[in-house]
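# Structural overview
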Amino acid sequence: MNDSSPAPVLDVWCELQCPDCRSALDDVRALRARYGDRLELRLRHFPLEKHKHSFAAAQAAEEAVEQGQGWAYVEAVLGRVEELDRRGEPFLVEIAGELGLDAAEFDTALIDGRHILIVDADQAEGKAIGVTGTPTYVIGGERLDGGRSQEGLRERVEAIADRLLAEGQG
């Protein structure tokens, strides 16, 4: 008998030039610390037109995922969102180097657009399910909008995750 039911998925719709997403990082860290492998956190991209570097940043984040450092990269970029505002793509490549990733590969990925389809698909899916801003969390079919207020959001995510985990064990 296999009792390892798949972990519930928490989709985090995020945009790397968004200060609200930076505030949400504390929640994301806390959720990772609390659940570990029992909850699958997935980074989903929702670049907003008002942020001109957000689309490139989403592509860079996908390259970081491919190189095995997705969340570390997201945290590093969001931690210095003002620099991204100011410096754009060179900053995205620089962060990759600081994390010990292959910065040249980041540069190439941004030029050849190899991750554009993933970002476009995320954005289209986000729009289809009613994501309008970032951060937005989706878990167990429920959408929690953190763009307006993040007050009490983590508690709601935890309540849903706990319920899903309990049902999975049932």
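Each chain carries its own residue numbering, running from 1 in the direction its sequence is written. The model is predicted, so local features are restricted to residues of pLDDT at least 70 and side-chain atom pairs to those at 80 or more, both for listing and for counting; the totals for chains, interfaces and linings are taken over all residues. Side-chain metrics rest on all non-hydrogen atoms present in the structure, leaving aside hydrogens and water.

## Some points on the overall build of the chain
Strands here are runs of E lasting at least two residues and helices are runs of H or I lasting at least four, both read from the DSSP assignment and numbered beginning at the N terminus. Along the chain, the regular secondary structure elements total 8 helices and 4 strands. Starting at the N terminus and ending at the C terminus, the chain contains elements arranged as β-α-β-α-α-α-α-α-α-β-β-α. The C-alpha extent of the chain, read off along each of the three principal axes, is 50 × 35 × 25 Å. When each of the 170 residues of the chain is scored for burial, the buried share is 47%. Residues are treated as being in contact if the distance between any of their heavy atoms lies within 4.5 Å. Long-range contacts, defined as pairs at least 24 residues apart, comprise 70% of the intrachain contacts of the chain with a sequence gap of at least 6. Side chains of the chain carry 19 positive and 33 negative charges; the gap between the two charge centres is 5 Å. The rule is simple: take the accessible area with a 1.4 Å probe, protein chains only, and divide by the maximum for that residue type; under 20% is buried, over 50% is exposed, in between is partly exposed. The charge count treats Lys and Arg as positive and Asp and Glu as negative. His and the chain ends do not count. Here the site of a charge means atom NZ of a Lys, CZ of an Arg, CG of an Asp or CD of a Glu.

## What to know about the state of the cysteines
Cysteine sulfur atoms that come within 2.5 Å of each other are treated as a disulfide pair. One pass over the structure, following the stated rule, counts 0 disulfides. A disulfide-free cysteine, Cys 14 has its sulfur positioned 3.7 Å from the sulfur of Cys 21, the nearest such atom. A relative accessible area of 7% means that Cys 14 is categorised as buried. For the unlinked cysteine Cys 18, the closest cysteine sulfur is that of Cys 21, found at 3.6 Å. The exposure class of Cys 18 is buried, given its relative accessible area of 5%.

## Things to note about the pairing of strand β3 (residues 136–139)
Looking along a regular strand, one sees side chains alternate from face to face of the sheet. Side chains of β3 alternate between two faces, with Thr 136 and Val 138 and Tyr 137 and Ile 139 buried alike. Whether two strands pair depends on DSSP finding at least two bridges between them. Bridge analysis of strand β1 (residues 9–14) against β3 gives 4 bridges, and the strand direction is antiparallel. Across the sheet, residue Leu 10 finds its bridge partner in β3, namely Ile 139. Relative to strand β4 (residues 142–145), β3 is paired through 4 bridges, and the arrangement is antiparallel. Along β4, the bridge assignment pairs Val 138 with Arg 143. Hairpin connection, β3 to β4: the antiparallel pair is bridged by 2 residues, and Gly 140 has positive phi, about 55 degrees.

## With respect to the pairing of strand β2 (residues 40–45)
Pairing between β1 and β2: 6 bridges, direction parallel. Bridging across to β2, Leu 10 finds its partner in Leu 41. Handedness of a crossover is defined as follows: orient the strands so they point away from the viewer, and if the path from the first strand over the helix to the second runs clockwise, the crossover is right-handed. For the crossover from β1 across helix α1 (residues 19–35) to β2, the handedness is right-handed.

## Description of the sheet that holds β3
Spatial strand order, β2-β1-β3-β4: 4 strands in an open sheet with mixed pairing. Pairing within the sheet leaves two strands with one partner each, and these edge strands are β2 and β4. Strand-to-strand, the axes of this sheet are offset by a mean angle of 20 degrees, without reference to chain direction. Where helices are involved, their axes are fitted lines through C-alpha atoms of the stretch in contact, as for all axes, and angles between N-to-C directions lie from 0 to 180°.

## So, the environment of Leu 39
Within the secondary structure, Leu 39 sits in the loop between α1 and β2. Look past the residues within four positions of Leu 39 in its chain and what remains in contact with it is Ala 7, Pro 8, Leu 10, Ile 139 and Ala 161.

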